[in-house]
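A structural walkthrough
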Amino acid sequence: MGETAPHPRDSHELLGAERAEQSFLDAMARGRLHHAWLIVGPVGVGKATFAYRAARRLLGAAPASAHGLLGASPDDPVSRLITARAHPDLLALQLDPEDGKSRKQIPVEEARGLPEFFAKTPAIAPWRVAIVDTADDLNPHGANAVLKILEEPPERGIIFLISHRPGALLPTIRSRCRMLRLTAPDEGETAAWLHEKAGSGADEARRLSAMAGGAPGRAWRLAGLDALAADEAAGDILASLPSPDPAAMLALAEGFRGAEGAERFALLFERLAERVHAMAAERALAGEGEGLEGWAEAYETLIDLPRAAEGVNLDRADVFYTALARLAAQPC
């Protein structure tokens, strides 16, 4: 399926964000940069990539028009330092640490390191820059630590907060940031881009782009997770209701073990939920109201169960069979 998507700090292209990039460049040109930027939009649309592109420019990378409005060459010294995670004026707080260990929140200790970082003058750049990827992954103590920075803006300091769900953030955080909203490109544009960059076949790229709602990063990640197979499995399950093949279901359940199994588990539930939602919407438009309430409840179950499984460490196979029973109870 091709190479996996690069980390946002290593990505030097961003599809469909010209309006947001121009807004940031206009603010730079006027010398009126806000100290805090809240970058919002769907998962996989490129919010973190935007933040790193803006950070390169703030840290002194030379513009490179071949890489877009906010683009910089990968060979620029600033780009090289960021790729090596060695720039002294850039701090990144992220959910997934570099050691690959999984964690559910950005540790509050890391968030509390922001005041010390911004208290120092820039070492080699015009600015000091922090990226929080994502603000959604801060616990209340971490969010309050970030809020202190927003309430007392650092001199020559800029912070980028990335959020998939800005409405869930503290209102005091939102009110102290300038918001930039990124939207997904046209699905056809994303499909063409995915075909070129990720090595997906044209039809596969089209289907993946549709699954991702046109979000390029999301589409590339789905390609790496073999989402088409998960989608086909979800379709087979729904088509076989109320009596799915026990051997096939057991094979799926056995694939949920370990870290890779967790991704397969989450992806299968996502595809089941999407298909149930689409089916219910189609029936509603056709005036087939019977049973829709039950399917709506089944959709909520498919959304809620994976969260519950992760939250209290439930056995994924047991959760899967619970979902199957819920689906089998619906009228076909």
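Residues numbered from 1 in each chain as written. Predicted model: local features only at pLDDT ≥ 70, side-chain atom pairs only at ≥ 80, totals over all residues. Heavy atoms only, no water.

Glancing now at the layout of surface pockets. If you add up the space inside the second largest pocket, you get close to 300 Å³. Lining the second largest pocket are 14 residues, with Leu 225, Glu 260, Glu 263, Arg 264 and Leu 267 sitting closest to its centre. The element contributing the most residues to the lining of the second largest pocket is helix H13 (residues 258-285), with 6 residues. Residue composition of the lining of the second largest pocket, grouped by class: 9 nonpolar, 1 polar and 4 charged. (1 Å grid on protein atoms, 1.4 Å probe; cavity = no way out; pocket = protein on both sides within 12 Å on 5 of 7 lines; lining within 4 Å. Points joined across faces, edges and corners; volume = space filled by probe spheres on them. Helix = DSSP H or I, 4+ residues; strand = E, 2+ residues; numbered from the N terminus. Nonpolar A, V, L, I, M, F, W, Y, C, P; charged D, E, K, R; others polar.)

With parallel pairing, 5 strands are arranged side by side in an open sheet as E2-E3-E4-E1-E5. Single-partner strands in this sheet number two, and they are strand E2 (90-94) and strand E5 (178-181). Between one strand and the next, the sheet's axes are offset by a mean angle of 15°, whatever the strand orientation. Sheet topology note: the strand E1 (residues 36-40)/E5 ladder contains 4 bridges and is parallel. (Pairing = 2+ DSSP bridges. Axes fitted to C-alpha atoms, helices over the stretch in contact; angles between N-to-C directions.)

A few words now on the packing of helix H11 (residues 227-240) against H13. Two elements in contact, H11 and H13, have axes separated by 8 Å at closest approach and are oriented at 55°. The angle between H11 and H13 falls in the class oblique. The way H11 lies across H13 gives a crossing that is right-handed. Taking contact as the criterion, the partners of Ala 227, Ala 230, Asp 231, Ala 233, Ala 234, Gly 235, Ile 237 and Leu 238 in H11 are, on H13, Leu 267, Leu 268, Arg 271, Leu 272, Arg 275 and Val 276. (Parallel < 35°, antiparallel > 145°, perpendicular 65-115°, else oblique. Left-handed = near helix turned anticlockwise from the far one by under 90°. Contact = heavy atoms within 4.5 Å.)

The next thing to look at is the packing of aromatic side chains. As enumerated under the stated definition, the model contains 9 aromatic pairs in all. Judged by centre distance (5.3 Å) and plane angle (80°), the ring pair of Phe 256 and Phe 265 falls under edge-to-face. Take Phe 256: its relative accessible area is 4%, and that puts it in the buried class. Relative accessible area serves as the criterion here: at 1%, Phe 265 is assigned to the buried category. Aromatic side chains Phe 265 and Phe 269 sit 4.7 Å apart centroid to centroid with 45° between the ring planes, which places their arrangement in the tilted category. Taken together, the residues Phe 265 and Phe 269, both in helix H13 and 4 residues apart, mark about one turn of the helix. (Phe/Tyr/Trp six-rings, centres within 6.5 Å; stacked < 30°, edge-to-face > 60°. Buried < 20%, exposed > 50% of the residue type's maximum accessible area, 1.4 Å probe, protein only.)

To continue, consider the pattern of salt bridges. For the coordinates displayed, the defined rule picks out 15 salt bridges. Ionic pairing is found between Arg 9 and Asp 10, a salt bridge with its closest N-O pair at 3.9 Å. On the basis of relative accessibility, which here comes to 31%, the residue Asp 10 falls in the partly exposed class. Connected through shared salt-bridge partners, Arg 218, Asp 231, Glu 270, Arg 271 and Arg 275 make up one network. (Salt bridge = Lys/Arg side-chain N within 4 Å of Asp/Glu carboxyl O.)

Just geometry here; none of it tells us what the structure is for.
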